[in-house]
There are 2 protein chains.
Amino acid sequence: MNKSSIPKGTRDFSPIEMSKRNYIFDTIKSVFALYGYKQIETPAMETLQTLLGKYGEEGDKLLFKILNSGDYLSKLSDNELQNGDSLHLASKLCEKGLRYDLTVPFARFVVMHRDELQLPFKRYQIQPVWRADRPQKGRYREFYQCDADVVGSDSLLNEVELVQIVDTVFKRFGIRVQIKINNRKILTGIAEYIDEADKIVDITVAIDKLDKIGIDNVNAELAADGLSAEAIEKLQPIISMSGSNEEKLDVISGLLKDSEIGQKGVEELRYIFGVLKNIGLENELQFDLTLARGLNYYTGAIFEVKALDVQIGSITGGGRYDNLTGIFGMPGLSGVGISFGADRIFDVLNALDLYPDNAVSGTQLLFINFGERETAYCLPIVSKARSCGISTEIYPDAVKMKKQMAYANNNKIRYVALAGENEMKENKITLKNMVDGEQKLVDADELVSIICNEK
Amino acid sequence: MNKSSIPKGTRDFSPIEMSKRNYIFDTIKSVFALYGYKQIETPAMETLQTLLGKYGEEGDKLLFKILNSGDYLSKLSDNELQNGDSLHLASKLCEKGLRYDLTVPFARFVVMHRDELQLPFKRYQIQPVWRADRPQKGRYREFYQCDADVVGSDSLLNEVELVQIVDTVFKRFGIRVQIKINNRKILTGIAEYIDEADKIVDITVAIDKLDKIGIDNVNAELAADGLSAEAIEKLQPIISMSGSNEEKLDVISGLLKDSEIGQKGVEELRYIFGVLKNIGLENELQFDLTLARGLNYYTGAIFEVKALDVQIGSITGGGRYDNLTGIFGMPGLSGVGISFGADRIFDVLNALDLYPDNAVSGTQLLFINFGERETAYCLPIVSKARSCGISTEIYPDAVKMKKQMAYANNNKIRYVALAGENEMKENKITLKNMVDGEQKLVDADELVSIICNEK
């Protein structure tokens, strides 16, 4: 006898969870499509050549590697077997790995199919990714990513559209959010302004902690990072600035008047704010200088979305990157993208009880099975209900009524149809509404119309 | 520079392929739901304990195994490293593998969640599976399976429903099919009747070749398999029987009058034919004694579906199995299921050009970008079109008209909207129909209504 279990950090999804997840993905997909994004899928496995070196040293370790098929040992000398370390040996034992995100496979896709693609290319992709992270609450070894990216266009209209997509998606979910935006060029300008150009990562990491640790600790951390007292002093108006997006941009613009890249960043943000102000958004768009995600690859806009009514981390993020495909030999292709965090959105919708009823409903009508004759009587009515689009079951076995009603209850089936001797004589069915308990003697047409009007 | 490639036997799916695949999966899903089947998903990785030994020796070799994370070598002695064979060593290097089908993970799911599940449990599951098979035309190392199963009910109504599901799915696709059905109990009865009970696999394999090699070669093969002349003689009326389903069942029933299991099989088929005759099917249901798939696990009905208008192998198959979960310590649970071959259905729909237009359409409307002022004028109209459900893009860059029109053409966008000096003065847009070339000067409301009426 085998014990039944699944690898740690992975999950089964039950029917009710699947309904909710489908609701999430379908909502996001329909908005992506409304904006002209096209879906692609890539294989779960990529060559390790594609994957390695793209996610830093830590990322390489977190890749799930696939043991070569067949006689995978033959490529190894005895000496290598005896003395090789785990990482070296893995590169001999394995040629493939599971994808770690959707961005690198997308870059590989663009390069591989560049002759067929029409640029700009607006793609979305919703697939699982795998990471050999230590599992913990809310962190899984298999989880879905839900990405939309445009490559092959520098235009800021793409940033505008991605903000609109975010705004529309969360409006449809009924989740109130704050959309945060920053610009990497402004961060670079700041690092220039205080003459600490090589400290940009330290600076942004420290500023990012402002909410958690306060200004004094941020300053202490900056000092510990090796910033001069002068540089820290110059940073103060920036760290503590407040007011509207426009006011903050004015402060930055004034301080960075001599930084070309800083001014470019300010201009970009001003354009995005201006256009979106005319279009109108449901949710607030906020310039947040402490937003410093993805600094290794983002080169322009940086996005992040926070739910207003639930305490949870970022539920969506993204930004512009200028050299997505360079590593695969196709330089100069700019892109900008957004990634929805499906697992966290799932948690937020649960916490706020925002799933619409029809998103999570299954079977609408169950016919009770009283035996072979009654079943023969019911089956044409079952077919009729289905042909009218009503999700219908007939209980397959003629077991005790109580058991069949329990099945209806546990599966949250709204209507139960019963046909015994009396109903058959009258060519009718008893239709029971399981919510209010009401029973009606109806013919097949009435049955269909009652349930269809309910929908 | 990295070469961009994907592992052999795997595929990328382009937007047009994704549209077609989504059409296939959505159609099948909607029929599953109409019959009360509920979706689940299981992780891509299962423990090797779950997977090994379930698919025969050959299957074990075809499993993709995941190298353990971290210091996976520490579990191995030098001696094991030096002298272990590939298969033994793999069991030390790997604890997890990629799922090989959806049936074993489903069995594992049922056992693991048995306390939460309401039986009978009707589930469907559409996910990729992985097999380290030698790739060839039409055979991939990653492909989707599309399964529906009921467990926890012996009732033949489940078989009836599965045939109805198959019939409805192919009706919706517009693919004419022949649905073949057989019963494992009849095959067992035949083996008993000719007193070669241990030769059932050989017999069915030989009978299965009748179409290809003819009766003489089948008999020769049976002789080579060690069947006595007498047994082969007794098989003749069975191998060469013809006529309607009822006529064939009569022949079998007469011959197997002393075989209890054989009679049971005949009864089961008669019941299924009888019920389905009353309900009515779009496609032909044919009793096919040569149908002998899955004999290792099927115990009752066996299904297979062939397309009538395209030469291709089976596009759907399934059957009843009596001990799905026994291997995981939960005996006595009967199940019956069906699996749609999405890749082959994709090929059939392509060959017959059966995709509906709206299944493969993307963006409906493209706004040409003439520059910043024109864009500012267009954006509110873009928003209006989207809020009416029209999939709309605005070209992000103010590049040459020709390039933007090429984008519309290559993406098969039906309508193009242009607004220059003149249109802006009149508060209108020029709407060009890319199919017939017609241009109209319209306001925003007219634009929306023209495109919505087209849909």
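All values derive from a computational prediction rather than experimental measurement. (Residues numbered from 1 in each chain as written. Chains lettered and ligands numbered in written order. Predicted model: local features only at pLDDT ≥ 70, side-chain atom pairs only at ≥ 80, totals over all residues. Heavy atoms only, no water.)

## Some words on the overall build of chain A
Counting its secondary structure elements, chain A contains 18 helices and 16 strands. Considering only C-alpha atoms, chain A reaches an extent of 95 × 70 × 45 Å along its principal axes. A total of 455 residues make up chain A; the buried ones form 59% of that total. For chain A, restricting intrachain contacts to residue pairs at least 6 apart in sequence, the fraction spanning at least 24 positions comes to 68%. Only carbon and sulfur atoms are counted for the fraction: they give 47% of the accessible area of chain A, which is about 19200 Å². Across chain A, the 55 positively charged side chains and the 66 negatively charged ones have centroids separated by 5 Å. (Helix = DSSP H or I, 4+ residues; strand = E, 2+ residues; numbered from the N terminus. Buried < 20%, exposed > 50% of the residue type's maximum accessible area, 1.4 Å probe, protein only. Contact = heavy atoms within 4.5 Å. Areas by Shrake-Rupley, 256 points an atom, 1.4 Å probe, with all protein chains shown as cover. Lys, Arg positive; Asp, Glu negative; His and termini not counted. Charge placed at Lys NZ, Arg CZ, Asp CG, Glu CD.)

## Some words on the interface of chain A and chain B
Across the contact, 102 residues belong to chain A and 102 residues belong to chain B. Regarding the contact of chain A and chain B, the summed buried area is about 8400 Å², with carbon and sulfur atoms giving 57% of it. In this structure, the salt-bridge partner of Lys122 of chain B is Glu393 of chain A, at a minimum N-O distance of 3.4 Å. The tally of links from chain A across to chain B stands at 30 residue pairs in polar contact (both at pLDDT 80 or more). Classifying every residue of the side of chain A that touches chain B by side-chain character gives 46 nonpolar, 33 polar and 23 charged. (Buried area = accessible area lost by both parts, 1.4 Å probe. Salt bridge = Lys/Arg side-chain N within 4 Å of Asp/Glu carboxyl O. Polar contact = N/O pair within 3.5 Å; in protein donor to acceptor, adjacent residues only side chain to side chain. Nonpolar A, V, L, I, M, F, W, Y, C, P; charged D, E, K, R; others polar.)

## As for the relation of the copies chain A and chain B
Both copies of the chain are related by one operation, a rotation about an axis with a shift along it. After a rotation of 180 degrees and a shift along the axis of 0.0 Å, chain A superposes on chain B with an RMSD of 0.0 Å. Considering both components of the superposition, the chain copies are consistent with a two-fold axis. Minimal C-alpha separation from the rotation axis in chain A is found for Ile66 of chain A, amounting to 2.3 Å. A symmetric contact is evident, with 100% of the interface residues of chain A recurring at the interface of chain B. (Least-squares fit on C-alpha atoms with pLDDT ≥ 70 in both.)

## Quick notes on the environment of Gly341 of chain B
Residue and element names in this part refer to chain B. Inspection of the secondary structure assignment puts Gly341 in the loop between strand E11 (335-340) and helix H14 (342-352). Accessibility expressed as a relative area gives 26% for Gly341, which makes it partly exposed. Distance from Gly341 to Gly317, taken between C-alpha atoms, is 8.1 Å for residues 24 residues apart in sequence.

## Focus: the environment of Arg172 of chain A
All names here are of chain A. Here Arg172 shows up in helix H7 (residues 157-173). Counting along the chain gives 148 residues from Arg172 to Ile24, while the straight-line C-alpha distance between them is 10.0 Å. Setting aside chain neighbours within four positions, we find Arg172 in contact with Tyr23, Thr27, Ser30, Val31 and Leu34.

## Considering the domain arrangement of chain A
Domain assignment breaks chain A into domain 1 (15-47 + 97-352), domain 2 (48-96) and domain 3 (362-454). The straight-line distance from the C-alpha centre of domain 2 of chain A to that of domain 3 of chain A is 58 Å. (Domains from an automatic or database assignment.)

## Description of the sheet that holds strand E7 (residues 177-183) of chain B
Across a sheet, paired strands are connected by hydrogen bonds in the backbone, their directions being either parallel or antiparallel. All names here are of chain B. The sheet built from 8 strands is open, its strands ordered E1-E5-E6-E11-E10-E9-E7-E8 with mixed pairing. Looking along the sheet, the strands with just one partner apiece sit at the ends: strand E1 (38-39) and strand E8 (284-287). Where E1 meets strand E5 (residues 121-130), 2 bridges bridge the pair, whose relative direction is parallel. Pairing of Lys38 across the sheet is with Arg123, part of E5. (Pairing = 2+ DSSP bridges.)

## A closer look at unusual backbone geometry
Residue and element names in this part refer to chain A. Following Leu119, the chain continues into Pro120 via a peptide bond in cis, with omega recorded as -5 degrees. Note on placement: Pro120 falls in the loop between helix H6 (103-112) and strand E5 (121-130). In this model, Asp353 sits at a positive phi of 55 degrees, which is unusual for a non-glycine residue. Note on placement: Asp353 falls in the loop between helix H14 (342-352) and strand E12 (365-367).

## Some points on the nonpolar core
Membership of the largest hydrophobic core comes to 266 residues, with the highest contact counts inside it found for Leu93 and Phe340 of chain A together with Leu93 and Phe340 of chain B. Those residues in contact with Phe340 of chain B that lie beyond four places of it in its chain are Ile28, Phe32, Cys146, Ile165, Val166, Val169, Phe170, Ile315, Thr316 and Ile345 of chain B. Of all hydrophobic cores here, the second largest spans 14 residues; its members include Ala44, Met45 and Leu98 of chain A together with Trp130 of chain B. (Core = buried A, V, L, I, M, F, W, Y, C linked by side-chain atoms within 4.5 Å.)

## A look at the pairing of strand E10 (residues 316-321) of chain B
Looking along a regular strand, one sees side chains alternate from face to face of the sheet. Residue and element names in this part refer to chain B. By the criterion of burial, E10 is predominantly enclosed, with 6 of the 6 residues buried. Bridge count for strand E9 (residues 298-307) against E10 is 5 bridges, and the pairing is antiparallel. Within E10, the residue paired with Phe303 across the bridge is Gly318. Of the strand pairs in this sheet, E10 and E11 are connected by 6 bridges, and their pairing is antiparallel.

## Some details on the state of the cysteines
Under the counting rule described, the total for this entry stands at 0 disulfides over all chains. The closest cysteine sulfur to the non-disulfide-bonded Cys94 of chain A is located on Cys94 of chain B, 7.2 Å from its own sulfur. You can call Cys94 of chain A buried: its relative accessible area is 2%. (Disulfide = S-S within 2.5 Å.)

## Re the UniProt feature "binding site: L-histidine" (unreviewed entry) in chain A
Residues and elements named next belong to chain A. UniProt marks Asp101, Leu102, Thr103, Arg131, Gln145, Asp149, Arg293, Tyr297 and Tyr298 with the feature "binding site: L-histidine" (unreviewed entry), using the numbering shown here. Within the secondary structure, Leu102 is located in the loop between strand E4 (94-98) and H6. Ignoring any residue separated from it by four or fewer positions in sequence, one finds Leu102 in contact with Arg123, Gln125, Gln127, Val129, Gln145, Cys146 and Asp147. In this structure, Gln145 sits in strand E6 (residues 142-151). Leave out the neighbours within four places in its chain, and Gln145 touches Asp101, Leu102, Gln125, Ile126, Gln127, Val129 and Arg131. (UniProt positions renumbered as here; feature names shortened; annotations may be inferred.)

## A short note on the sheet that holds strand E14 (residues 415-418) of chain B
Residues and elements named next belong to chain B. One open sheet accounts for 5 strands, arranged E13-E12-E14-E15-E16; its pairing is mixed. Edge positions in the sheet fall to strand E13 (392-394) and strand E16 (439-442), since each has one partner strand and no second. Between one strand axis and the next, the sheet turns through 25 degrees on average, direction left out of account. Bridge count between strand E12 (residues 365-367) and E14: 3 bridges; the pairing is parallel. The residue bridging Leu365 from the neighbouring strand is Tyr415, located in E14. Helix H15 (residues 372-387) contacts E12, E13 and strand E15 (429-433) of the sheet and is inclined by roughly 170 degrees relative to E13. (Axes fitted to C-alpha atoms, helices over the stretch in contact; angles between N-to-C directions.)

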